[in-house]
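Descriptive structure summary
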Amino acid sequence: TNLLHSASQKFKMEPELTPEEKNLSSSQLKELGKKLISEKKWIDAFRVYTNFLSQEGVPVEDLAIGLSNRSYILFMMEKYEEAKNDGIRCIKVNPKWVKGYMRAGNALLAMTEISKAMAYFKGGIGKDGDDGYMKIKLNELYLEINAQNKIQKSNYYYPELKEFKQNYFANPEKAEEIHDKLLAK
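Residues numbered from 1 in each chain as written. Predicted model: local features only at pLDDT ≥ 70, side-chain atom pairs only at ≥ 80, totals over all residues. Heavy atoms only, no water.

Over its 12 residues, helix H4 (residues 42-53) extends 16 Å from the first C-alpha to the last, a length consistent with the 16 Å expected when each residue adds 1.5 Å. Among the 12 residues in H4, 10 count as buried, and that is most of the element. Among the residues of H4, those classed as buried are Trp42, Ala45, Phe46, Arg47, Val48, Tyr49, Thr50, Asn51, Phe52 and Leu53. (Helix = DSSP H or I, 4+ residues; strand = E, 2+ residues; numbered from the N terminus. Expected span 1.5 Å × (residues − 1). Buried < 20%, exposed > 50% of the residue type's maximum accessible area, 1.4 Å probe, protein only.)

Okay, here's the thing in structure tokens:
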């Protein structure tokens, strides 16, 4: 409940369930949360999932799903640190399920913590569920890193190219002059 009240203050939302929601079972709350996600009602979905997660006796599988879904909601609200934390909690609850790794990795990627994101994506490979997303993300990141390394090498080996790139928009005449020099080589 402390998590719910601190989160409600942080996101400026009403922490309590509506009177209708209070009569719902935990499985009905979970379904309502899914519906609110599909409607992109992030704050309402966050409130419902937070209340769902604070209930006693939620089965471990449902707890992992709730954490994964709340992580997704927080990600969509651009609360990446909190999204990462829920992804990590999901992994702790069910380390064999791929979704927690995906949620934590995506949040870290949004925070530009590339190497940490890659570690979570790698950790999700071979887990229960579809790990194809993890393989695709890792491949994209490897390609991006490789491209960045090539750019850095080209800047090292061809300082004129770096100068050309820096001047391209700021000083088009200078950039054209540098370009002509590069072509003459």
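For the rest of this paragraph, the subject is the packing of aromatic side chains. Applying the stated rule across the entire model yields 4 aromatic pairs. Ring geometry for Trp42 and Tyr72: centres 5.8 Å apart, planes at 75°, overall edge-to-face. Highlighted residues: Trp42 in helix H4 and Tyr72 in helix H5 (residues 60-76), separated in sequence by 30 residues. Tyr72 gets classed as partly exposed once you look at its relative accessible area, which sits at 28%. (Phe/Tyr/Trp six-rings, centres within 6.5 Å; stacked < 30°, edge-to-face > 60°.)

Counting 21 residues, the largest nonpolar core has Ile37, Phe52 and Ile73 as its most contacted members. Elements that contribute at least two residues to this core include exactly helix H3 (26-38), H4, H5 and helix H6 (80-93). Per-element tally for this core: the top contributor is H4, with 7 residues. Each residue touching Ile73, except ones within four places of it in the same chain, is listed here: Ile37, Trp42, Ala45, Phe46 and Tyr49. (Core = buried A, V, L, I, M, F, W, Y, C linked by side-chain atoms within 4.5 Å. Contact = heavy atoms within 4.5 Å.)

Turning to the pattern of salt bridges, a few remarks are in order. Counted under the stated rule, the structure contains 11 salt bridges. Where Asp86 meets Arg89, a salt bridge forms, and the shortest distance between an N and an O atom there is 2.5 Å. In this pair, Asp86 and Arg89 both sit in helix H6, 3 residues apart, roughly one turn of the helix. Here Arg89 falls in the partly exposed class, since its relative accessible area comes to 36%. The shortest N-O distance in the salt bridge between Glu113 and Lys116 comes to 3.2 Å. What makes Glu113 partly exposed here is its relative accessible area of 27%. Linked through salt bridges whose partners overlap, the residues forming this network are Glu21, Asp44 and Arg47. (Salt bridge = Lys/Arg side-chain N within 4 Å of Asp/Glu carboxyl O.)

A word on the environment of Ile136. Inspection of the secondary structure puts Ile136 in helix H9 (residues 132-157). Residue Ile136 is classed as exposed on the basis of its relative accessible area of 51%. Separated by 15 residues in sequence, Ile136 and Phe121 have C-alpha atoms that sit 9.4 Å apart.

Residues of helix H8 (residues 114-124) that are buried include every one of Ala117, Met118, Phe121 and Gly124, and no others. Buried residues in H8, looked at end-on, bunch into an arc of 120°, giving them a common side. Gly126 lies just past H8 and shows a positive phi near 90°. (Arc of directions from axis to C-beta.)

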